[in-house]
Amino acid sequence: MDKQQHWETVYQTKARDEVSWFREHLDTSLRMIQNTGAGKDAAMIDVGGGNSTLVDDLLERGFVDISVLDISESAIAGSKDRLGEKANQVNWITADITAVDLPQSHYDLWHDRAVFHFLTEEEDRRKYVELVKRSIKPGGHIIVASFGPEGPQKCSGLDVVRYSPETMHGEFGETFKLIESVGETHNTPFGTTQDFVYCYCLKI
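Residues numbered from 1 in each chain as written. Predicted model: local features only at pLDDT ≥ 70, side-chain atom pairs only at ≥ 80, totals over all residues. Heavy atoms only, no water.

Kindly report on the overall build of the protein, identifying the contributing residues and their values.
The number of helices and strands found in the protein is six helices and nine strands. On C-alpha atoms alone, the protein measures out to a radius of gyration of 16 Å, which is about the 17 Å that the 2.2 N^0.38 rule sets for 204 residues. The principal-axis extent of the C-alpha atoms belonging to the protein is close to 40 × 40 × 30 Å. Looking at the 204 residues of the protein, the share that counts as buried comes to 51%. For the protein, the accessible area works out to roughly 9700 Å², and carbon and sulfur atoms hold 46% of it. Taking the average location of the 21 positive side-chain charges in the protein and that of its 33 negative ones, the two points are 2 Å from each other. (Helix = DSSP H or I, 4+ residues; strand = E, 2+ residues; numbered from the N terminus. Rg over C-alpha atoms; globule rule 2.2 N^0.38 Å. Buried < 20%, exposed > 50% of the residue type's maximum accessible area, 1.4 Å probe, protein only. Areas by Shrake-Rupley, 256 points an atom, 1.4 Å probe, with all protein chains shown as cover. Lys, Arg positive; Asp, Glu negative; His and termini not counted. Charge placed at Lys NZ, Arg CZ, Asp CG, Glu CD.)

Please set out the sheet that holds strand S3 (residues 90-94) residue by residue, giving values where relevant.
Strand pairing in a sheet is mediated by backbone hydrogen bonds. Such pairs are either parallel or antiparallel. Here seven strands make up an open sheet; going across it, the order is S3-S2-S1-S4-S5-S9-S8 and the pairing mixed. Whereas interior strands pair on both sides, the edge strands pair on one side only; in this sheet they are S3 and strand S8 (176-187). Taking the axes of each pair of neighbouring strands and ignoring which way they run, one obtains an average angle of 15° across the sheet. Bridge analysis of strand S4 (residues 107-112) against strand S5 (residues 136-147) gives five bridges, and the strand direction is parallel. By the bridge assignment, leucine 109 is partnered in S5 with histidine 141. (Pairing = 2+ DSSP bridges. Axes fitted to C-alpha atoms, helices over the stretch in contact; angles between N-to-C directions.)

Account for unusual backbone geometry, with residues named and values stated.
In this model, serine 105 sits at a positive phi of 45°, which is unusual for a non-glycine residue. Relative to the elements of secondary structure, serine 105 occurs in the loop between S3 and S4. By relative accessible area, serine 105 is classed as partly exposed at 37%. Phi is positive for serine 156, which is not a glycine, with a value near 55°.

How would you explain the side chain of threonine 188 if you had to name every residue and give the values?
With respect to the element layout, threonine 188 can be found in the loop between S8 and strand S9 (193-203). What makes threonine 188 buried here is its relative accessible area of 7%. One polar contact links threonine 188 to threonine 192, side chain to side chain, over a distance of 2.7 Å. (Polar contact = N/O pair within 3.5 Å; in protein donor to acceptor, adjacent residues only side chain to side chain.)

Residue-level account of the layout of surface pockets, with values.
Roughly 750 Å³ of internal volume is contained in the largest pocket. Contributions of two or more residues to the lining of the largest pocket are made by helix H1 (3-13), strand S1 (43-47) and strand S2 (65-70). Tallying contributions element by element places H1 first for the lining of the largest pocket, with four residues. Across the lining of the largest pocket, the residue classes break down as 20 nonpolar, eleven polar and ten charged. (1 Å grid on protein atoms, 1.4 Å probe; cavity = no way out; pocket = protein on both sides within 12 Å on 5 of 7 lines; lining within 4 Å. Points joined across faces, edges and corners; volume = space filled by probe spheres on them. Nonpolar A, V, L, I, M, F, W, Y, C, P; charged D, E, K, R; others polar.)

Residue-level account of the side chain of serine 79, with values.
By the secondary structure assignment, serine 79 is in helix H4 (residues 73-83). Engagement of the side chain of serine 79 in a polar contact is seen with the backbone oxygen of glycine 50, the distance being 2.5 Å. Not counting chain neighbours up to four residues away, the residues in contact with serine 79 comprise Gly49, Gly50, Asn51, Ser52 and Trp92. (Contact = heavy atoms within 4.5 Å.)

If you want it as structure tokens, here you go:
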């Protein structure tokens, strides 16, 4: 089964609150986005945000230039249904982050709580980082969350990579200045916990 079919199956067979990563509101992400000082007209992209409520909360806070990218059409369809008419205010992108072509120097803020830790191949991580470099404006913000050192070794049946703030920043390199890192204990819908690490960097 290829990557896209894997995630289509997940989102077609599970309700949004039946997956381990479900969180009604991404409070840590919202706080870090707010702390960047990005204006309401900032061009923002949520990578892997297909059925996340982050887009709902960003719209509620008045942000007007939001893109959501996900490999799963079903995940994006779920968000469109939930948002109703508000979905027309969002740029929806169905694509694999390691193969997509995004506009150059376009985004002011890049957010990812869902994808980076699934990139177990070094080449895929290189493609991801190069895409960030190309598509984020100089001085742009990047917020990436992954499983932390004590996080699970698998998620949704797939292997993952666990990071400390130092090892995650090491993947992105000197083009990015680490501004803040935050640990979070995520409470899953199943009564278990997962260790997450968030890193906020500026593109130099």
